[in-house]
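Descriptive analysis of the structure
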Amino acid sequence: MCYNENNIISRYDVRVDIAYYNESEPDINKLKEVTIKTNKELGKRAFANCENLETIIIDAPALGEESFNNCTKLNNITLTNVSEIKSSVFKGCTTLSNIESSTITKIGDYAFSDCTNLSNISFENVEEIGAYAFASTDFKITNQLTNVTFGDTLKLINDYAFANCANLTTVNLGSNLEYLGSFAFSNCPNLTSFITTSTIKVINEAVFAEDELLVDVEINGIEYINDAAFYNCYALENIDLSNVVEIGMQAFNNCNALTSVDLPKVKKLGPGAFLQAYNLTNINIPVIEYIDAQALSCIGIEEIKLPITLTYVAPTAFYYNLNHVKFTNDQGEDTCEINDYIRLDKGVLYTATANDKYLLSVYPTAKPDKTYEVLFNTVRIEEYAGYFNNKIEKLILPDTLKLIGNMSFYGCTNLITVEFKSTVAPILEGTISSLNIEYESNTEIYKLLNKYFQFNGYYPLFYGQFKDMVGMAKKMTIVIPENADEETYKDTVYSLYFEIEKMQKKRNITYCFSFLLILIFLLQLCFHALIH
């Protein structure tokens, strides 16, 4: 059965100017070939689900929504004067392998999605490609596209346009592309290169996420890289970031092939921006202002230079960098005040509070010192500050210290002594968790927690300040001031971390020195009184 230009234009058209096969309603589901020439848009779902349709020859200004949707045997398409393919026109046409047109300027959403046999496309004058246009909506199936090339007319590629194209290896685009939608080329596991001579200022969310073999990205003028843009691009080596000013959350998470990153204009790094880029050993951030949580964590760097422009560092921004030895300023100094907010002490990073107190922000994981004394005027040690430093053996904490964040020295397996200069024990911050931490009923921690908190086998509040989870680590030596309030050091958590019964006391040198100064002053007053 064959339809020509005198036959149905839309399955749901009113019956005007339509000639019917044998003067009765034809069964269009039996169609094998359609030939139409009209100045009208082919109507919505005109030939949808025609399971026997194999060939179409269309001369029309546009193909309406879903007009050939799920025509599973369709494989021969000739389009003349068609300027627009609307949404879902060829969606699910699983036999279609080739489509070419020099007149189409706009491809609608889902237009060729789930065309599992599609291997070649050519649209030399297309200007816009819609959302999911060539995507596979089922992760288990994909089309056969291996190479995608578009000319200089292309301006817009919308969200998910080529998502899940598992066989795609290379993409070459022209010089006028203005917009790459979110997830546009995501989960293309064999994509190795993306090249365009266009200037694209924004790389949107997850554009290349999960492209595991992507090595080269050539895009000019990038200024903003949004969340997860290159998430899990394990092989990524080459990308020009020289004009980038902001990088979003987890944008380069797990980009393990990156070894050096130059960010001369970047002012903000979002949460996890380079998290788990394990081989990143060099990073240049000369004008950075804001570094969010885990932005530069789990990377391979040894020395991190911080500029005078830096005004915010989030807790965990640099945590668990196994090779990280120290922080320095631009001149390589590791003990200095970089600005009113950042201070370095022997390569350790401190940040200032609004009232000019210090927070110990980062104690580098590979810092080799066996003993370290936290700066006077420090009121808090941030969570994860010294996470997994296995070199430190003795920690000396100032009498100004009020709070010790959770997990601050977790994993410091060689830590054996903590000296407190505070007369009142600093607060150990606990964390509510759904980890379902359980302890054996015959352990000391179980007995203590059950006694004081009606523990009954489950304890959602956990502490991990020193070495291991509370109650799991071998007890350490504790040293306190001679004039300390001992009872504050005998609470449940302290008693599980330290050998309280063998508590050592040390004369507070600061206190004694202050007393000595007062005594000298009084003696001077007496001396002056006597000579006069």
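Heads up: these notes are all about the structure in this document. (Residues numbered from 1 in each chain as written. Predicted model: local features only at pLDDT ≥ 70, side-chain atom pairs only at ≥ 80, totals over all residues. Heavy atoms only, no water.)

A word on the packing of aromatic side chains. Aromatic rings in a pair are described by how distant their centres are and how their planes are angled relative to each other. Tallied over the entire structure, the rule returns 40 aromatic pairs. Relative to F208, the ring of F194 has its centre 4.9 Å away and its plane inclined at 75°; by these criteria the two rings are edge-to-face. Residue F194 is found in strand β15 (residues 193–199), and its partner F208 is found in the loop between β16 (202–203) and β17 (216–220); the two are separated by 14 residues along the sequence. On the basis of relative accessibility, which here comes to 0%, the residue F194 falls in the buried class. Each ring, one from F318 and one from F327, has its centre 5.0 Å from the other, and the planes form 80°; the classification is edge-to-face. (Phe/Tyr/Trp six-rings, centres within 6.5 Å; stacked < 30°, edge-to-face > 60°. Helix = DSSP H or I, 4+ residues; strand = E, 2+ residues; numbered from the N terminus. Buried < 20%, exposed > 50% of the residue type's maximum accessible area, 1.4 Å probe, protein only.)

To continue, consider the pairing of strand β37 (residues 417–420). It is a general feature of regular strands that their side chains alternate between the two faces of the sheet. Residues T417 and E419 line one face of β37 and the alternating positions V418 and F420 line the opposite face, and both faces are buried. With three bridges connecting them, β37 and strand β42 (residues 477–481) associate as parallel partners. If you follow V418 over to β42, its bridge partner there is I478. (Pairing = 2+ DSSP bridges.)

Tracing the backbone shows T371 in strand β32 (residues 371–373). Sequence separation between T371 and E393 is 22 residues, and the spatial gap between their C-alpha atoms is 6.0 Å. Setting aside residues no more than four positions away along its own chain, T371 makes contact with K394 and I396. (Contact = heavy atoms within 4.5 Å.)

If you walk across this open sheet you meet the five strands as β11-β13-β15-β17-β19, and the pairing is parallel. At either margin of the open sheet sits one strand with a lone partner, and together these are β11 (147–149) and β19 (238–239). Across four bridges, β15 lies against β17 in parallel orientation. Along β17, the bridge assignment pairs S193 with D216.

Okay, the sheet that holds strand β43 (residues 504–506) next. What the five strands build is an open sheet, ordered β32-β34-β37-β42-β43; its pairing is parallel. The strands lining the two open edges of the sheet, one partner per strand, are β32 and β43. Taken over all neighbouring pairs, the strand axes of this sheet differ in orientation by 15° on average, direction set aside. Strand direction decides the pairing type here: β42 and β43, joined by three bridges, are parallel. (Axes fitted to C-alpha atoms, helices over the stretch in contact; angles between N-to-C directions.)

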